[in-house]
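# Inside the fold
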Amino acid sequence: MSSSNYDVLVAGGSVAGLLTARELASRGISVVVVEEHHEIGTPEHCGGMVSAQGLNNLGIMPDSNVFQNFVAKTIITSHCSRVELNSEHQNVIVIDRRALDKQIAHQAQRAGAAIRTRCTFKSIGSDGAKRFIAKTTDGDIFCRYFVDARGIASLASSGRENFLPSAQFEIYASWIKDDIVQVTFDSDLYPGFFAWIIPTGQGMGKVGVAGRGINVSTALKQFVESRGENYSTIRKIFAPIWIGGAIDSFVTGKTILVGDAAGQTKPSTAGGIYSCGIAGILAGRAIAESINLNEDSALKVYEQEWRNLFQNEFRKMTMARKVLERLDNKALDEIINSLKEHKLREIIESTDFDYHSNVLSLILGSGVGVKLTRTLLGNEFRKIFS
Ligand SMILES: Cc1cc2nc3c(=O)[nH]c(=O)nc-3n(C[C@H](O)[C@H](O)[C@H](O)COP(=O)(O)OP(=O)(O)OC[C@H]3O[C@@H](n4cnc5c(N)ncnc54)[C@H](O)[C@@H]3O)c2cc1C
């Protein structure tokens, strides 16, 4: 056991924590990242779908280990409806999260950050001299700022209703089409969420389900087997998804929360690489500014900037989620059917993948909105009389 001294300690070596560290180190701030697992990027709990533009904004040009696939088409199905959307304009790619996290770790290390794996953060206290003393399984670490990037582990005390169970298998199967993402809605099987197939290339893919109150292991097995052909599983993960939106405050004194730890995952799809990664960058910059100016109020800029970018977006997604949770299969069929309408398709196909809540506003503002309202009302009546 040893003790050491840094300006900043980051707990959690994934996308948010590592990008915070990269930004700090590149501004000359001493920073250490502690990661409880033995390897950065594992165990992976991600579908790996992200926009190329989003990665670019995070300062990441995916290397050949990271990039897996382009997404050319998205097929959305429900009980009796099916729509095919062209995804080429959205420039969505599938990446290997284990490799992506390592690529960011390498960026952070080159900038001067220290990274320690198999080092679990335990607790934080004060040493009585305006420094924190953090207890870890690898000894004590003294620091002036503490960044909590431990993912949803940090949200453990939040309401259970904001978590959905999910399961995702990595499989080989002939029915996985190389450049087609498939999303299946079924309010009985996956209430409040959906099942997904994300192709990683060469007949491989990540197949998952999430839903309120379901046994995800059974639901996913049934989903995979309903495809009707042989398949081989090479990895299984079970992880809760956070759908509660951003928490009330990201900064308390010199403690800063980033990423899933701050609820910065999209409430619609639970996608978080982009919104959590941007948080890491903004937090890193604000902490560096705070250290350089010796002025803690500079930390607030991080929260303001993140909320300017995402608050409105997340609010609309939360609304969409509330609607989704109330829809039955008949209503889902009608909505998915309505997406075939030419103008709406065009809008959806050209929407920015990272800011997709606009689609909802556009649907509500278009002629389909009237139909949607009728659908929702019909759905409410069906619920009352069933
Ligand atoms: C099934 C599933 C599929 C998903 N698919 C997508 C997708 O396709 N696209 C997308 O954009 N997003 C997706 N997401 C969301 C995305 O994975 C997360 O939003 C993102 O990983 C959040 O990054 P983070 O750095 O905040 O937290 P995490 O990635 O959760 O990292 C937290 C890190 O902290 C470490 N840690 C925890 N406790 C401690 C401790 N005490 N000491 C030290 N280290 C600790 C953990 O080991 C982990 O490495 C998916 C999520 C799930 C569950």
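Everything quoted here is computed from the prediction, not taken from an experiment. (Residues numbered from 1 in each chain as written. Predicted model: local features only at pLDDT ≥ 70, side-chain atom pairs only at ≥ 80, totals over all residues. Heavy atoms only, no water.)

### Side note on the environment of Asp352
Relative to the helices and strands, Asp352 resides in the loop between α8 (342–349) and α9 (357–365). Taking the C-alpha atoms as reference points, Asp352 and Gln90, 262 residues apart in sequence, are found 6.2 Å from one another. Looking at Asp352, its side chain comes within polar contact range of the main-chain nitrogen of Asp354, at 2.9 Å. (Helix = DSSP H or I, 4+ residues; strand = E, 2+ residues; numbered from the N terminus. Polar contact = N/O pair within 3.5 Å; in protein donor to acceptor, adjacent residues only side chain to side chain.)

### Some thoughts on the domain arrangement of the protein chain
If you check the domain split of the protein chain, you get domain 1 (2–66 + 95–157 + 245–313), domain 2 (160–242) and domain 3 (324–385). Listed per partner, the contact involves 16 residues of domain 1 and 14 residues of domain 2. With both chains or domains summed, domain 1 and domain 2 bury close to 1200 Å², and 62% of this area falls on carbon and sulfur atoms. Seen at the junction of domain 1 and domain 2, the total is two salt bridges. Between Lys206 and Glu44 there is a salt bridge, with the nearest N and O atoms lying 2.9 Å from each other. Connecting domain 1 to domain 2 are five residue pairs in polar contact (both at pLDDT 80 or more). Its residues assigned to classes, the side of domain 1 that touches domain 2 shows six nonpolar, eight polar and two charged. (Domains from an automatic or database assignment. Contact = heavy atoms within 4.5 Å. Buried area = accessible area lost by both parts, 1.4 Å probe. Salt bridge = Lys/Arg side-chain N within 4 Å of Asp/Glu carboxyl O. Nonpolar A, V, L, I, M, F, W, Y, C, P; charged D, E, K, R; others polar.)

### Structural notes on the sheet that holds strand β6 (residues 82–86)
Reading across the sheet, the seven strands line up as β6-β5-β13-β14-β15-β12-β16 and stay open at both edges, with mixed pairing between neighbours. Each having just a single partner strand, β6 and β16 (231–242) make up the two edges of the open sheet. The sheet shows a mean angle of 15° between the axes of neighbouring strands, taken without regard to direction. The sheet contact formed by strand β12 (residues 163–173) and β16 spans eleven bridges and is antiparallel. The residue of β16 that forms the bridge with Leu164 is Ile241. (Pairing = 2+ DSSP bridges. Axes fitted to C-alpha atoms, helices over the stretch in contact; angles between N-to-C directions.)

### Some thoughts on the site of the ligand
What surrounds the ligand is a group of 31 residues, the closest being Ser14, Glu35, His37, Gly47 and Asp260. Note that an oxygen atom of the ligand is positioned 3.0 Å from one of the side-chain N or O atoms of Arg97. Contact distances for the ligand include 2.9 Å between a nitrogen atom and a backbone N or O atom of Gly272. Protein chains shield 91% of the accessible area of the ligand, which is 1000 Å² for the free molecule. Mapped by element, the contributors of at least two residues to the shell around the ligand are α1 (15–25), β16 and α5 (273–293). Residue contributions to the shell around the ligand reach at least three from each of two domains, namely domain 1 (2–66 + 95–157 + 245–313) and domain 2 (160–242). (Near = heavy atom within 4 Å. Areas by Shrake-Rupley, 256 points an atom, 1.4 Å probe, with all protein chains shown as cover.)

### Quick notes on the pattern of salt bridges
Tallying each qualifying case throughout the model produces 24 salt bridges. The partner of Asp138 in a salt bridge is Arg116, with the nearest N and O atoms 3.9 Å apart. Of the two residues, Asp138 sits in the loop between β10 (132–136) and β11 (139–148) while Arg116 sits in strand β8 (residues 114–116), which places them 22 residues apart along the sequence. Relative accessible area serves as the criterion here: at 32%, Asp138 is assigned to the partly exposed category. Residue Arg116 is classed as buried on the basis of its relative accessible area, which comes to 16%. The partner of Glu349 in a salt bridge is Arg345, with the nearest N and O atoms 3.7 Å apart. In this pair, Glu349 and Arg345 both sit in helix α8, four residues apart, roughly one turn of the helix. Ionic contacts of the salt-bridge type, sharing partners, join the residues Glu44, Asp96, Arg98, Glu170, Lys206 and Arg235 into one network. (Buried < 20%, exposed > 50% of the residue type's maximum accessible area, 1.4 Å probe, protein only.)

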